[in-house]
Amino acid sequence: MTVKGYGSSGQSAQPTNVQVIAPATLNAGYTFDAVYEGNTFTVTVPDGGVVKGQRFIVPFIPQAEATIMEASLLPLNSPNTRGNGTAADSIPTGV
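Procedures and definitions
- Residues numbered from 1 in each chain as written.
- Predicted model: local features only at pLDDT ≥ 70, side-chain atom pairs only at ≥ 80, totals over all residues.
- Heavy atoms only, no water.
- Helix = DSSP H or I, 4+ residues; strand = E, 2+ residues; numbered from the N terminus.
- Buried < 20%, exposed > 50% of the residue type's maximum accessible area, 1.4 Å probe, protein only.
- Contact = heavy atoms within 4.5 Å.
- Areas by Shrake-Rupley, 256 points an atom, 1.4 Å probe, with all protein chains shown as cover.
- pLDDT = per-residue confidence, 0-100.
- Phe/Tyr/Trp six-rings, centres within 6.5 Å; stacked < 30°, edge-to-face > 60°.
- Pairing = 2+ DSSP bridges.
- Polar contact = N/O pair within 3.5 Å; in protein donor to acceptor, adjacent residues only side chain to side chain.

### Side note on the overall build of the chain
Then comes step 1: Scanning the chain for helices and strands turns up zero helices and five strands.
Then comes step 2: In the chain, the succession of α and β elements from N to C terminus is β-β-β-β-β.
Then comes step 3: Out of the 95 residues in the chain, the part that is buried amounts to 24%.
Then comes step 4: Considering only contacts within the chain whose residues lie at least 6 apart along the sequence, 42% involve residues at least 24 apart.
Then comes step 5: Accessible surface, the chain as shown: approximately 7,300 Å² in total, 53% of it carbon and sulfur.

Dropping the structure here:
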């Protein structure tokens, strides 16, 4: 699948018009995946359909980048555990 960008190339979530080449003859409303700047996105075939090899313009909306956050784990020998610091020691028991 060949995709060529048109418009701004910023990193914002604003749509960018991209040119897509139809991978097959498809009816209107059919969807397929295309790749633009390393991002896979879904293309919906426009009204009237397309024929294999036809170029057409579709909007590409970049997805927000995921943020990886590190979280601290509570050590087994913390004040919230009893006994010898095993995982079973942190399970409350009935009275």
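Moving on from the coordinates now.
### Some words on the confidence of the model for the chain
As a note on interpretation, predicted positions should not be read in detail where pLDDT is low.
Then comes step 1: Averaged over all residues, the pLDDT of the chain is 76; the fraction at 70 or higher stands at 53%.
Then comes step 2: A low-confidence stretch, residues 6-10 stays under pLDDT 50, and its non-local contacts, those more than four residues away or across chains, total six contacts.

### So, the packing of aromatic side chains
Then comes step 1: If you walk through the whole model with that rule in mind, you get three aromatic pairs.
Then comes step 2: Aromatic pair Phe32 and Phe56: ring centres 6.5 Å apart, planes at 75°, arrangement edge-to-face. Taken together, the residues span a long stretch of sequence, with Phe32 in strand S3 (residues 31-36) and Phe56 in strand S5 (residues 55-60) at a distance of 24 residues. Grouping residues by exposure puts Phe32 and Phe56 together as buried.
Then comes step 3: For the ring pair Tyr36 and Phe60, a centre distance of 5.0 Å and an interplane angle of 65° mean the geometry is edge-to-face. Of this pair, Tyr36 sits in strand S3 while Phe60 sits in strand S5, and the two are 24 residues apart along the sequence. For the residue pair Tyr36 and Phe60, the accessibility class agrees, reading buried in each case.
Then comes step 4: The rings of Tyr36, Phe41 and Phe60 are connected pair by pair, giving a single aromatic cluster.

### Focus on unusual backbone geometry
Then comes step 1: Its identity is not glycine, yet Glu37 carries a phi of approximately 50°, on the positive side.
Then comes step 2: Its location among the elements puts Glu37 in the loop between S3 and strand S4 (39-44).

### Remarks on the pairing of S3
Then comes step 1: Because side chains alternate across S3, one face comprises the buried residues Phe32, Ala34 and Tyr36, and the other comprises Thr31, Asp33 and Val35, none of which is buried.
Then comes step 2: By the bridge criterion, six bridges tie S3 to S4 in an arrangement that is antiparallel. Bridged to Val35 within S4 is Thr40.
Then comes step 3: Linkage of S3 to S4, two consecutive antiparallel strands, is achieved through a turn of two residues, within which Glu37 is found at a positive phi near 50°.

### Side note on the side chain of Gln19
Then comes step 1: Note on placement: Gln19 falls in strand S2 (residues 16-21).
Then comes step 2: Residue Gln19 is classed as buried on the basis of its relative accessible area of 13%.
Then comes step 3: Separated by 2.9 Å, the side chains of Gln19 and Arg55 make a polar contact.

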